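Fold and contact review
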Number of protein chains: 2
Amino acid sequence: MEAQTSPARLPADFADGVFPAGCPSRTVLDHITSKWGVLILLALSEGEQRWSELRRRAEGISEKMLAQTLKTLERDGLVLRKSQPVIPPRVDYSLTERGYELSGLLVPLVSWAYNNADEILNGQR
Amino acid sequence: MEAQTSPARLPADFADGVFPAGCPSRTVLDHITSKWGVLILLALSEGEQRWSELRRRAEGISEKMLAQTLKTLERDGLVLRKSQPVIPPRVDYSLTERGYELSGLLVPLVSWAYNNADEILNGQR
DNA sequence: CAGTATCCCTAGAGATACTG
DNA sequence: CAGTATCTCTAGGGATACTG
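These numbers were taken from a predicted model, which means no experiment stands behind them. (Residues numbered from 1 in each chain as written. Chains lettered and ligands numbered in written order. Predicted model: local features only at pLDDT ≥ 70, side-chain atom pairs only at ≥ 80, totals over all residues. Heavy atoms only, no water.)

Per the counting criterion, the structure on display carries 4 cavities of 30 Å³ or more. There is about 70 Å³ of room inside the largest cavity. Together, Arg26(A), Leu29(A), Asp30(A), Thr33(A), Lys35(B), Trp36(B), Val38(B) and Leu39(B) line the largest cavity. Secondary-structure elements contributing two or more residues to the lining of the largest cavity are α1 (24-32) of chain A together with α2 (35-44) of chain B. Of the residues forming the lining of the largest cavity, the biggest block, 4 residues, is contributed by α2(B). Looking at the lining of the largest cavity, its residues break down into 4 nonpolar, 1 polar and 3 charged. (1 Å grid on protein atoms, 1.4 Å probe; cavity = no way out; pocket = protein on both sides within 12 Å on 5 of 7 lines; lining within 4 Å. Points joined across faces, edges and corners; volume = space filled by probe spheres on them. Helix = DSSP H or I, 4+ residues; strand = E, 2+ residues; numbered from the N terminus. Nonpolar A, V, L, I, M, F, W, Y, C, P; charged D, E, K, R; others polar.)

Written as structure tokens, this is what we have:
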């Protein structure tokens, strides 16, 4: 098999092919491709959900990491937090418009990973 | 803004909305969304490249992480390593067909991150 | 229910030196 | 040039306990 060049092109600023160390996109990329970040964004792509629901779906996440991940995504304007002043507390999380846009790119990636996982890890063609 | 549901759908196995802890796709996802993994795959989407070239492009990567990342991606069948028995050594890396397919999903994501980075990190609408 | 606050701990990242 | 081999270190992540 020969080397190929991807049809989808990178932003022109990467035209020299260098990904600068201090580039802000690195930070954003770290947030949205983080282990738990992806899963939370994906879960929320199915619609608004509560804390406990997210915890159940992103199986294996600790409370600490759920809180941290949600805060980061909220600060980044990707996730919206709606808190009701009731007892017991009720908090709903959902995607913002921007988060929704992003999830449209993430879903195909996760689907691909899911569909190719066995072949990739078990080495068969 | 109201909660929305993404048009792109997840694999049916995720229909219950749960991402199982032991799911193989988690491992694959970790590889391809790793800090350096993304950048290497992206760099290679521009075509075959040598070790030193990759090191230059993924600015800030250490030799250790470059070696480790390339090995993982090669084992996963995403990257092809072609070594010439010459002195000085010459090794070329390129994407396999599967890696190429993946890069088609990664490029839009990185482009999105690049285009939205400033607004995300500086908080303006 | 929806989180904080702590403590602990090691895997993973970087730096450096060396080599075929 | 294209890597390995070590060493070091800390910050990310888990577990647990507690709270408005």
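Once the structure has been displayed, the description carries forward.
Around DNA strand C, a shell composed of 18 residues is seen, among which Ser52(A), Arg81(A), Tyr93(A), Lys64(B) and Met65(B) lie nearest. When the atoms of DNA strand C within 4 Å of the protein are grouped by moiety, sugar and phosphate amount to 59% of the total. Here Tyr93(A) contributes a side-chain N or O atom positioned 2.6 Å from a phosphate oxygen of DNA strand C. For the surface near DNA strand C, the secondary structure elements donating two or more residues are α3 (51-57), α4 (63-75) and β3 (90-95) of chain A together with α4 (63-75) of chain B. Class assignment for the residues of the surface near DNA strand C results in 9 nonpolar, 3 polar and 6 charged. (Near = heavy atom within 4 Å. Polar contact = N/O pair within 3.5 Å; in protein donor to acceptor, adjacent residues only side chain to side chain.)

So, on to the interface of chain A and chain B. Across the boundary between the two partners, chain A contributes 78 residues, which contact 77 residues of chain B. Among the residues of chain A in contact with chain B, Arg98(A), Trp112(A) and Tyr114(A) are the three that bury the most area, contributing 10% of the side total. If you look at where chain A meets chain B, you find 2 salt bridges. Among the ionic pairs, Arg98(B) bridges to Glu119(A), the shortest N-O distance being 2.5 Å. Scanning the region where chain A abuts chain B turns up 13 residue pairs in polar contact (both at pLDDT 80 or more). (Contact = heavy atoms within 4.5 Å. Buried area = accessible area lost by both parts, 1.4 Å probe. Salt bridge = Lys/Arg side-chain N within 4 Å of Asp/Glu carboxyl O.)

Relative to chain B, chain A is turned by 180° and slid 0.0 Å along the rotation axis, the superposed coordinates differing by an RMSD of 0.0 Å. In short, the pair behaves as if placed about a two-fold rotation axis. Identified as the residue of chain A closest to the rotation axis by C-alpha distance is Thr33(A), at 2.7 Å. The share of interface residues of chain A whose copies in chain B are also at the interface is 99%, consistent with both copies meeting through the same surface. (Least-squares fit on C-alpha atoms with pLDDT ≥ 70 in both.)

Taken in spatial order, the 3 strands make up an open sheet running β1-β3-β2 (chain A), and their pairing is antiparallel. Sheet topology places β1 (49-50) and β2 (79-84) of chain A at the edges, where each strand pairs with a single neighbour. (Pairing = 2+ DSSP bridges.)

Next up on the list: the confidence of the model for chain A. Residues of chain A with pLDDT of at least 70 account for 91%, and the chain-wide mean is 91. At the low end of the mean pLDDT range in chain A sits α1(A), at 95; at the high end sits β3(A), at 98. (pLDDT = per-residue confidence, 0-100.)

Residue and element names in this part refer to chain B. Within strand β3 (residues 90-95), 5 of the 6 residues are buried, leaving the element largely enclosed by the surrounding structure. Here 2 bridges tie strand β1 (residues 49-50) to β3, and the two strands are oriented antiparallel to one another. Within the sheet, the bridge partner assigned to Arg-50 lies in β3 and is Asp-92. Summarising the sheet, strand β2 (residues 79-84) and β3 pair through 6 bridges and their orientation is antiparallel. Looking at the pairing, Lys-82 lines up with Asp-92 of β3. (Buried < 20%, exposed > 50% of the residue type's maximum accessible area, 1.4 Å probe, protein only.)

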